[in-house]
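# A closer look at the structure
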Amino acid sequence: RSIFFRLKGAKTGIRASLTAWQSALRPLDVKFQSLFRLICKYNVVPQNQHGNVSDIETSSEFIRLELLRFILSGQSTISGEASNAFDQFFTGATFHDQLFQREARGIDAGVASVEGNLRNNVLTPVRALVYETEELYGMAKARGCKANETPLLDPQCALRLYTSARILYLTLERCLAAVVEARSRVNDFLAWIRGTASQVRARGTASDSVQRQNARDRRVPNGVLQRVSDFLSLPMMHTCREAGDKTKIARKLTECIIGAPVSDFFVGDSFSTDIVNENAKRACTLKSALELTFHSSAVLFNQPRILLSESVKNIDLRFEVKHSQLAIHTRRGAWSSKHNHGGIDEGITPNTFFKPHILNMNDGMDRYRRNWMILARSLGRGEIVEVVAIPGCDASENHKCEYFPDYYLRSSLNLPDHYEVTNIAFYGDDGNSSPHPHLDTGTPVRRQALGLTVRHAQPTSEEGTVFDEELWIVHYDSVLFQRFESNNTVKSELAVTDCPLSAGCCASLRITHPVDERDEMETGIFFQPKRRVISTRITGDERNRASQLQLCASRGTGGVVTFGASTVLDIFDLEEDEESDEESESESFDD
């Protein structure tokens, strides 16, 4: 699992914990709001603070003070009118014993779910995050020690990410400690409220009454009473270094009364991510620590993208002749076998790499390149397919990298009369996924071809001109190329010229073999493609919508989507003929 996946999991868990915490304390918030209104009616609160329930900090201070005074003095003249307000508060319908017990169990379960959610859904990914960032920092530091190498991961950024993860982990531990303390205070407070409500209800009844017996049974121990008095008299529990305005607004009335503002950990003031070191000191809430860790992760993992984009040199291609269809493909070249072994090994099949045939060049170094970019485009009205091969970078330890090619190769394939190309796609794995020549020397990569959707015009006497559409597969490895020098007037721009090609570099695509030697001499170099019929009788507006072509060499299939009165998807098995040829050859060998 990635670092961002763990951070998103922690973020989801923190949001769920905040929702559960607010839901758990909502019943007590409602009760304390009604208590504040009662003491306001009894003029315990100054006139300027009457009805100001929204000011949680002020109202909680009044409630804490009166609750502590009620615990210490009870029903006496010291409490004054506040004792009457508490008598009315504890004898309300919401403090019926069975109803309040059920409500207390729900509150305790809700607070317990907050702790469980933080431990299971937040603490677990944060612990894994600390371990992974520490390992990542070690790797970045080890790779950064190598001379003459630009590290993809900056050790300082990795250290900053590890520090942010540690801050997040320590903040989460403090949040868990605050939740545990708040849970203990809530339990003691609920027990004291239940016992106090029973005592108030039993006041004025007979000594042997049921109310008196219930009050004696529900009376809390002195330790509970001491703990409640302590957190009501002591200042609010210290959670964050600096509580901003947003943090104070997020506090609930109940957590302010018990002195455990757990909400401070979930809501914090946002900070600028420009000064990370300074913000690390202020990342005292889960929100700010999580934002800091997200930002540090984004900075660290964005650095490889920047370095790779800077290391890749872009080349703009400018065609002097416009085209209607274009397809691009990459191929592995024969550079490794030539440079690593001083020549071609006899065991390496020529089909395992792209080694173009160049006019007037027997075995030059231009044929042996590590990578090639192959372009196929249709010229004119689609009756000519031009194939352009551009060599890639030849970087090695003993060879200077040429970021700009000094030449390119061109060849053309001429279609028969009344045929035009409507779509072009390459059939074969690209250079990134095809096997290296030395890793797979015994298995030839034969699935490298050019796919064309071709439209054939057939004039008829009845319907005028109708069109048939076919799928052609052409193997282009044996095409003869002509070399052209890249005479560039603009930096980082390769201009593909429109200079005429030699006769040997202009091949023809024929759908039938020559019938005799004279016909073959007139035809010249030709290729016979594999043909699959897609659709027939295309008339009217249907011919204006080109078919969509997709070829998959790993499965040996091709798919064509044609548009007409209805949309049709045709899937073809493009390796069927080759398998039948292999079977026939094996049968003849056995005979």
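You'll find the structure just up there.
Here we summarise the structure given alongside this text. Bear in mind that the values here come from a model prediction, so they are computed numbers and not experimental data. (Residues numbered from 1 in each chain as written. Predicted model: local features only at pLDDT ≥ 70, side-chain atom pairs only at ≥ 80, totals over all residues. Heavy atoms only, no water.)

### Focus on the sheet that holds strand β17 (residues 568–573)
So the rule is basically this: Note: two strands are recorded as paired if DSSP finds a minimum of 2 bridges between them. Secondary structure elements are taken from DSSP: a helix is a run of H or I of four residues or more, a strand is a run of E of two residues or more, and numbering for both begins at the N terminus. In this analysis, axes come from line fits to C-alpha atoms, helices being fitted only over the stretch in contact, and the angle between any two N-to-C directions falls in the range 0 to 180 degrees.
Judged by pairing direction, the sheet is antiparallel, and its 3 strands sit side by side in the order β15-β16-β17 without closing on themselves. The open sheet has two edge strands with one neighbour each: β15 (548–552) and β17. Across the sheet, the mean angle separating the axes of adjacent strands is 15 degrees when strand polarity is ignored. Where strand β16 (residues 557–562) lies against β17, 6 bridges are found, and the strand directions are antiparallel. Within β17, the residue paired with threonine 557 across the bridge is aspartate 573.

### Section: the side chain of arginine 532
Defined as follows: Buried, partly exposed and exposed residues are distinguished by accessible area as a fraction of the type maximum, computed with a 1.4 Å probe on protein chains only: under 20%, between the cut-offs, and over 50%, respectively. In protein, a polar contact requires one atom able to donate a hydrogen and another able to accept it; more generally it is a pair of N or O atoms within 3.5 Å, and residues adjacent in sequence count only if both atoms are side-chain atoms.
The topology assignment puts arginine 532 in strand β14 (residues 530–538). On the accessibility criterion, arginine 532 (16% relative accessible area) is buried. Within polar-contact distance, the side chain of arginine 532 engages the backbone oxygen of aspartate 573 at 3.3 Å.

### Remarks on helix α1 (residues 3–41)
Operational definition: In a helix, the anticipated span is given by 1.5 Å times the number of residues less one. We define the bend at each residue as the angle formed by axes fitted to the 7 residues ending at it and the 7 residues starting at it.
Between its first and last C-alpha atoms α1 spans 55 Å; for 39 residues at 1.5 Å apiece the expected length is 57 Å, and the two agree. Largest kink in α1: about 45 degrees, centred on arginine 26, with the proline proline 27 one to four residues after it. N-cap assignment for α1: the residue whose side-chain oxygen lies 3.2 Å from the backbone N of phenylalanine 5 is serine 2. One or two steps after α1, the chain reaches asparagine 43, where phi turns positive at roughly 60 degrees.

### Quick look at the side chain of serine 296
Within the element layout of this structure, serine 296 appears in helix α11 (residues 286–311). Of the polar contacts made by the side chain of serine 296, one reaches the side chain of serine 164; its length is 3.1 Å. A polar side-chain atom of serine 296 sits 2.9 Å from the main-chain carbonyl oxygen of leucine 292.

### Some points on the environment of serine 288
You can see serine 288 is positioned in helix α11. A C-alpha to C-alpha distance of 8.7 Å links serine 288 and leucine 168, two positions 120 residues apart in sequence. Of the polar contacts made by the side chain of serine 288, one reaches the side chain of threonine 285; its length is 2.8 Å.

### Re the packing of helix α2 (residues 56–73) against helix α7 (residues 222–233)
Between two packed helices, both the angle of their axes relative to each other and the distance between the axes serve to describe the pair. This is how the line gets drawn: In this scheme the crossing of two helices becomes right-handed for a clockwise turn of the near helix relative to the far one and left-handed for an anticlockwise turn of less than a right angle. By the convention used here, residues are in contact when the closest approach between their heavy atoms is within 4.5 Å. Polarity classes work like this: nonpolar for Ala, Val, Leu, Ile, Met, Phe, Trp, Tyr, Cys and Pro, charged for Asp, Glu, Lys and Arg, and polar for all others, with Gly in that last group.
The N-to-C vectors of α2 and α7 enclose an angle of 145 degrees; their axes lie 9 Å apart at closest approach. The element α2 and its partner α7 pack so that their crossing is left-handed. From α2, Arg64, Leu67, Leu68 and Ile71 reach across to α7, where they touch Leu225, Val228, Ser229, Phe231, Leu232 and Ser233. Its residues assigned to classes, the contact of α2 with α7 shows 7 nonpolar, 2 polar and 1 charged.

### Re the pairing of β15
Only one face of β15 is covered, namely the one carrying Leu549 and Leu551; the face carrying Gln548, Gln550 and Cys552 has none of its residues buried. Relative to β16, β15 runs antiparallel, the two being bridged by 5 bridges. For glutamine 550, the partnering residue across the bridge sits in β16 and is glycine 559. Connecting the antiparallel pair β15 and β16 is a turn made up of 4 residues, with glycine 556 showing a positive phi of about 70 degrees.

### Examining the nonpolar core
For the record, the criterion: Among buried residues, those of type Ala, Val, Leu, Ile, Met, Phe, Trp, Tyr and Cys that are joined through side-chain atoms within 4.5 Å constitute a nonpolar core.
With 79 residues, the main nonpolar core has Phe32, Ile63, Leu67, Phe90, Leu118, Phe189 and Trp192 as its most contacted residues. Elements that contribute at least two residues to this core include exactly α1, α2, α3 (81–90), α4 (97–144), α5 (155–202), α7, α9 (253–258) and α11. Per-element accounting of this core gives the leading share, 21 residues, to α5. Other than its neighbours up to four places away in sequence, isoleucine 63 contacts Phe32, Leu35, Phe36, Ile39, Leu253 and Ile257. If you look at the next biggest cluster of nonpolar residues, it comprises 28 residues, including Ala327, Ile424, Phe426 and Phe527.

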